[in-house]
Number of protein chains: 2
Amino acid sequence: MSIRSKYPFSRRVSGTAPSAVREILKVAEQPDVLSFAGGLPAPELFPAEAIAEAAASVLATEPSSALQYGVTEGHAPLREWVAARFTGQGVPTRADDILITHGSQQGIDLVARAFLDRGDRVVVEDPTYLAALQAFSLCEAVPVPVASDDDGLCTEALGELDGAEAPSLVYVVPTFQNPTGRSLAASRRRDLVRWATARGVPILADEPYADIRFAGEPLPPLVAFDQDLVIQLGTFSKTLAPGLRIGWIRASEPIRKRLTTLKQASDLHTSTLNQRIIARLLETFDFEGHLGRVRETYRARHGAMHLALQEWMPKGTAWTRPEGGLFVWLSLPPGVHDLDVFQAAIARKVAVVPGSPFFVTPQPRGHLRLSFGNRSEAHIASGLRTLGEVVRDLAAKAERTNVTKSHASAQSLAP
Amino acid sequence: MSIRSKYPFSRRVSGTAPSAVREILKVAEQPDVLSFAGGLPAPELFPAEAIAEAAASVLATEPSSALQYGVTEGHAPLREWVAARFTGQGVPTRADDILITHGSQQGIDLVARAFLDRGDRVVVEDPTYLAALQAFSLCEAVPVPVASDDDGLCTEALGELDGAEAPSLVYVVPTFQNPTGRSLAASRRRDLVRWATARGVPILADEPYADIRFAGEPLPPLVAFDQDLVIQLGTFSKTLAPGLRIGWIRASEPIRKRLTTLKQASDLHTSTLNQRIIARLLETFDFEGHLGRVRETYRARHGAMHLALQEWMPKGTAWTRPEGGLFVWLSLPPGVHDLDVFQAAIARKVAVVPGSPFFVTPQPRGHLRLSFGNRSEAHIASGLRTLGEVVRDLAAKAERTNVTKSHASAQSLAP
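Residues numbered from 1 in each chain as written. Chains lettered and ligands numbered in written order. Predicted model: local features only at pLDDT ≥ 70, side-chain atom pairs only at ≥ 80, totals over all residues. Heavy atoms only, no water.

Student: Would you mind going over the pattern of salt bridges in detail, with residue names and values included?
Tutor: Close approach of charged atoms allows side chains of opposite charge to pair. Tallied over the entire structure, the rule returns 54 salt bridges over all chains. Two residues, A:Arg118 and A:Glu140, come together in a salt bridge whose shortest N-O distance is 3.3 Å. Placement of the pair is A:Arg118 in the loop between helix H6 (104–115) and strand E3 (121–126) and A:Glu140 in the loop between helix H7 (130–138) and strand E4 (142–149), with a sequence separation of 22 residues. By relative accessible area, which is 52% here, A:Arg118 ends up exposed. In this structure, B:Arg182 and B:Asp150 form a salt bridge, with 3.6 Å as the shortest nitrogen-oxygen distance. Residue B:Arg182 is located in the loop between strand E6 (169–172) and helix H8 (186–198), and its partner B:Asp150 is located in the loop between strand E4 (142–149) and strand E5 (152–153); the two are separated by 32 residues in the primary sequence. According to the relative accessible area criterion, B:Arg182 is buried, its value standing at 18%. (Salt bridge = Lys/Arg side-chain N within 4 Å of Asp/Glu carboxyl O. Helix = DSSP H or I, 4+ residues; strand = E, 2+ residues; numbered from the N terminus. Buried < 20%, exposed > 50% of the residue type's maximum accessible area, 1.4 Å probe, protein only.)

Structure, rendered in structure tokens:
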């Protein structure tokens, strides 16, 4: 037996770097920084008192069950609530169709492991959610980027994939996508599901934001078009609170069985206490009324951000106008790079996330993700003013450089 | 592009069946069954009131942080407490050396994924913890069984592995092992670490039970012998309550960094609420005093089980005498099979776990795992009496069959 080199890491972790954005967020979340970087929900919206009451009630009335091991599938009354909500949205669902997860990130990880072997292809929007790309990378899968526009993933482009090996999975954030805030149009939802199911390709529909719609009309969930191959994720992280780490997977039986086995080997089951706290809360809490307040807060904050962008951004800047969620996607003026904006803004104690890490294909570094969820309207107004000044300075500089370059290039072409 | 067969599952889940024991436990945990099957801690030991107070305090004083997203590494004060406990046990440890996990099962899963590629070898005790085998199977790794005796894994047998390809990991439950209740002797701990480190092989030391010692002297943790390649897991599941799902990994920096990246892609971070509840609890709770009560309870229950086994088991039965933990490992009389005992006992509303699923190598089906943690001494006395009758009946039957067989075989050999 030969002696191994130090730390015989697996291939999968050798190829996965820590998230670049994670390092950026560490800087961004310093207390003196006005941050539009993280995708954090507003803590003032957490129903802390109702959660405290539910926790006290659970620990007083059922401590032995709430603190004991539980079944991998999850707490039955919570699964029933989730199922009833799907049913109410037009997708008939039984409690048995639901697997409770430790946040919806775990849903992504489990589904990735259920379908992706080394070298397998996974279709993703470009740009897409970074931690999903990380989960796919840990399966040594190959992301296949498909461009997106204001109506989400360009389903017309899917036909181009038909020449190559079939993908093993499609991953999409259909509603108020991270990082763009865009939603997949209803007709494209139908087309995407039709394309994938005809080819036997499962679709992972990640819907952490769909409940936070503050404008426009609801869109049909992808699972409404096919309940066999569409796997739908949901979470309480954006509606109640992320610190509880309670999400769910809705999947057909053959898929859900595999996911349950995976979940069991991953962490046995999700915290019984937290599942029961939420189940108890939902018995009496006005969830829809609460959602109304959440939506109203984010509507106002998004409005403030849109106004500030109109007021302070230089010509040549464009941005999305999401109807919900937490994110605006900003396209910088020509020649202005995301990392330069990040550096200049953080020097003035304002934080944003550069857009380039969200892309699979190398792209011009001309985008920023702005989160409007976690700052007051006043902070948004002042922070975006600073950001506008930073972008304007860099745009002016880029223009000067460009003029000089054109000049230099004209000179060098001179005989 | 060819059309895929339905459900293009990955190879890793196609090869992994749901745990056989899990199905058995579903039967065993019916309310009218007297179960010695599950490895459940005693719920009457959960410090429910202290947990309720800590939860109320956290949600009243720091709701915004306790319900918000947190860092992947875990809540700093909790990491500090865990580190201080290691230091107090003679292994100098900083908070930075600790990664908080969603139970120690997640620690097994993360370490497996960090080191095991398809076909890689992982050394395990035989028999060993079933859900660890499942996690290794999901990495498509090959378990390499090493026999164990009353002093745990037979380190003398490790030399036999030196001819083959080096393993990528050693997995061991050093103290009060699941399923046998045995502990790895101090000299073997040293020998195991010496063997592995000389070959650059990391060791995963899974220690969920080490804190529940009710007899004998503490043994040095494996990490005391090497702090670079020994990865040590711990959990509050057996000391406070499993429903909180809070465990930890102690690992050297290069390893911990990979595990943190894996954890981030797996579930972002462990529930901030639960981490803060435990951290708050530990500020004022007499943890060592509580551990004393836990140990005393399990000492008494183990004593009751040992007495009942002496009273009711037929000749030819043997069992381990653990100095802590939750499990006794019973060797059945010749010709008595674990599944037959399970069937006959469950018909009489007593549940045990057959031993065969815990083995990697095919073994005679002559073992049972008995958990003494979750039943009163009176229940243990009455349940073990029933089990003794079941085993005695089957042993008598096996002896009759054996006599008949010898007779038949003698006849058929007659000319």
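Still more ground to cover, so stick around.
Student: With reference to specific residues and values, describe the environment of B:Tyr7.
Tutor: Tracing the backbone shows B:Tyr7 in the segment before helix H1 (11–14). Sequence separation between B:Tyr7 and B:Gly163 is 156 residues; the distance between their C-alpha atoms is 41 Å. Not counting residues within four places of it along the chain, the set of residues in contact with B:Tyr7 comprises A:Asp228, A:Leu229, A:Ser252, A:Pro254 and A:Ile255. Here A:Asp228 takes part through its side chain, which lies 2.4 Å from a polar atom of the side chain of B:Tyr7. (Contact = heavy atoms within 4.5 Å. Polar contact = N/O pair within 3.5 Å; in protein donor to acceptor, adjacent residues only side chain to side chain.)

Student: Kindly report on the sheet that holds strand E2 (residues 98–101) of chain A, identifying the contributing residues and their values.
Tutor: Residue and element names in this part refer to chain A. Here eight strands make up an open sheet; going across it, the order is E2-E9-E8-E7-E6-E3-E4-E5 and the pairing mixed. Every other strand in the sheet has two partners, leaving E2 and strand E5 (152–153) as the edge strands with one partner each. Contacts from helix H5 (residues 76–88) reach E2, strand E8 (230–235) and strand E9 (247–250), with the element oriented near 120° to E2. (Pairing = 2+ DSSP bridges. Axes fitted to C-alpha atoms, helices over the stretch in contact; angles between N-to-C directions.)

Student: Run through the pairing of E4(A), naming residues and quoting values.
Tutor: Within a regular beta strand, the side chains point alternately toward one face of the sheet and then the other, so they alternate between its two faces. Residue and element names in this part refer to chain A. Examined bridge by bridge, E3 and E4 share six bridges and lie parallel to one another. Looking at the pairing, Arg121 lines up with Val142 of E4. On the question of chirality, the crossover connecting E3 to the parallel E4 by way of H7 is right-handed. Of the strand pairs in this sheet, E4 and E5 are connected by two bridges, and their pairing is antiparallel. Its bridge partner lying in E5, Ser148 is registered against Leu153. Counted along the chain from E4 to the antiparallel partner E5, the turn is two residues long. (Right-handed = clockwise from strand over helix to strand, strands pointing away.)

Student: Outline unusual backbone geometry, supporting the account with residue identities and numerical values.
Tutor: Leaving glycine out, the prevailing phi sign among residues is negative, and the prevailing peptide bond configuration is trans. Going from A:Asn178 to A:Pro179, the amide bond is cis rather than trans, its omega being 15°. Structurally, the position occupied by A:Pro179 is in the loop between strand E6 (169–172) and helix H8 (186–198). Omega for the peptide link from B:Asp126 to B:Pro127 comes to 10°, which places this bond in the cis form. Among the structural elements, B:Pro127 can be located in the loop between strand E3 (121–126) and helix H7 (130–138). Residue A:Arg245 is not a glycine yet carries a positive backbone phi of 55°. Take A:Arg245: it is sitting in the loop between E8 and E9. Despite not being glycine, B:Leu268 has its phi angle at roughly 70°, a positive value.

Student: How would you explain the environment of A:Asn374 if you had to name every residue and give the values?
Tutor: Residues and elements named next belong to chain A. Take Asn374: it is sitting in the loop between strand E14 (367–371) and helix H13 (377–413). Overall, the relative accessible area of 19% leaves Asn374 in the buried class. Counting along the chain gives 116 residues from Asn374 to Arg258, while the straight-line C-alpha distance between them is 37 Å. If sequence neighbours within four positions are ignored, Asn374 has contacts with Leu40, Pro41, Ala42, Pro43 and Arg301.

Student: For the sheet that holds strand E13 (residues 353–354) of chain A, give the residues involved together with the corresponding values.
Tutor: All names here are of chain A. The strand order E10-E11-E14-E13 describes an open sheet built from four strands, whose pairing is antiparallel. Across the chains shown, the open sheet's two edge strands, defined by having one partner strand only, are strand E10 (318–319) and E13. With five bridges joining them, strand E11 (residues 327–331) and E14 adopt antiparallel strand pairing. The residue bridging Phe327 from the neighbouring strand is Ser371, located in E14.

Student: Requested: an account of the pairing of strand E2 (residues 98–101) of chain B, with residues and values cited.
Tutor: Residue and element names in this part refer to chain B. Across the two faces of E2 the burial is the same, with Ile98 and Ile100 and Leu99 and Thr101 all buried. Relative to strand E9 (residues 247–250), E2 runs antiparallel, the two being bridged by four bridges. Residue pairing for E9: Ile98 is matched across the bridge by Arg250.

Student: So what about the packing of aromatic side chains? Which residues, and what values?
Tutor: Ring pairs (aromatic) are described by centroid distance and by the angle formed between their planes. One pass over the structure, following the stated rule, counts 22 aromatic pairs over all chains. Plain terms: the ring middles of A:Trp81 and A:Phe287 are 5.0 Å apart, the flat faces sit at 85° to each other, and that makes the pair edge-to-face. Of the two residues, A:Trp81 is situated in helix H5 and A:Phe287 in helix H11 (residues 287–312); the sequence distance between them amounts to 206 residues. For the pair A:Trp329 and A:Phe358, a centre-to-centre distance of 6.3 Å together with 90° between the ring planes defines the contact as edge-to-face. With A:Trp329 in strand E11 and A:Phe358 in the loop between E13 and E14, this residue pair connects regions lying 29 residues apart in the sequence. Put simply, the rings of A:Trp81, A:Phe236, A:Trp248 and A:Phe287 touch in pairs and so form one group of aromatic residues. Above the face of the B:Phe9 ring, A:Arg258 is positioned so that its terminal group lies 4.6 Å from the ring centre. When the ring centre of B:Phe86 is taken as reference, the NZ or CZ atom of B:Arg250 above it lies at 5.8 Å. (Phe/Tyr/Trp six-rings, centres within 6.5 Å; stacked < 30°, edge-to-face > 60°. Lys NZ or Arg CZ within 6 Å of the ring centre and 35° of its normal.)

Student: Account for the relation of the copies chain A and chain B, with residues named and values stated.
Tutor: Take chain A, turn it by 180°, move it 0.0 Å along the axis, and it overlays chain B with an RMSD of 0.0 Å. Seen this way, the second copy is the image of the first under a two-fold rotation axis. An overlap of 99% is found between the interface residues of chain A and their copies at the interface of chain B, pointing to a shared contact surface. (Least-squares fit on C-alpha atoms with pLDDT ≥ 70 in both.)

Student: Which residues make up the side chain of B:Asn274, and what are the values?
Tutor: Checked against the element boundaries, B:Asn274 lands in helix H10 (residues 272–284). Judged by its relative accessible area of 0%, B:Asn274 is buried. For B:Asn274, the contacting residues outside a window of four places in its chain are A:Ser271, A:Asn274, B:Leu244 and B:Ile246.

Student: Outline the interface of chain A and chain B, supporting the account with residue identities and numerical values.
Tutor: Contact with chain A, which involves 96 residues of that partner, is made by 95 residues of chain B. Between chain A and chain B, a total of about 7,600 Å² is buried, with carbon and sulfur atoms accounting for 58% of that surface. Summed over the shared surface of chain A and chain B, the result is two salt bridges. Where chain A touches chain B, the interface holds 41 residue pairs in polar contact (both at pLDDT 80 or more). In terms of residues, the side of chain A that touches chain B owes the most to one element, helix H9 (residues 253–267) of chain A, which gives 10 residues. When grouped by side-chain class, the residues that make up the side of chain A that touches chain B number 48 nonpolar, 29 polar and 19 charged. (Buried area = accessible area lost by both parts, 1.4 Å probe. Nonpolar A, V, L, I, M, F, W, Y, C, P; charged D, E, K, R; others polar.)

Student: Can you explain the packing of H9(A) against H7(B)? Please cite residues and give values.
Tutor: Their axes nearest at 8 Å, the elements H9(A) and H7(B) cross at an angle of 115°. Taken as a pair, H9(A) and H7(B) cross one another with a handedness that is left-handed. Where H9(A) approaches H7(B), its residues A:Thr261, A:Leu262, A:Gln264 and A:Ala265 are matched on the opposing element by B:Gln134, B:Ala135 and B:Leu138. (Left-handed = near helix turned anticlockwise from the far one by under 90°.)

Student: Run through helix H9 (residues 253–267) of chain B, naming residues and quoting values.
Tutor: Residue and element names in this part refer to chain B. Counted at 1.5 Å a residue, the expected span for H9 with its 15 residues is 21 Å, and the 21 Å between its end C-alpha atoms agrees. Residues of H9 that are buried: Ile255, Arg256, Leu259, Thr260, Thr261, Leu262, Lys263, Gln264, Ala265, Ser266 and Asp267. Residue Leu268 follows H9 closely and has a positive phi angle near 70°. (Expected span 1.5 Å × (residues − 1).)

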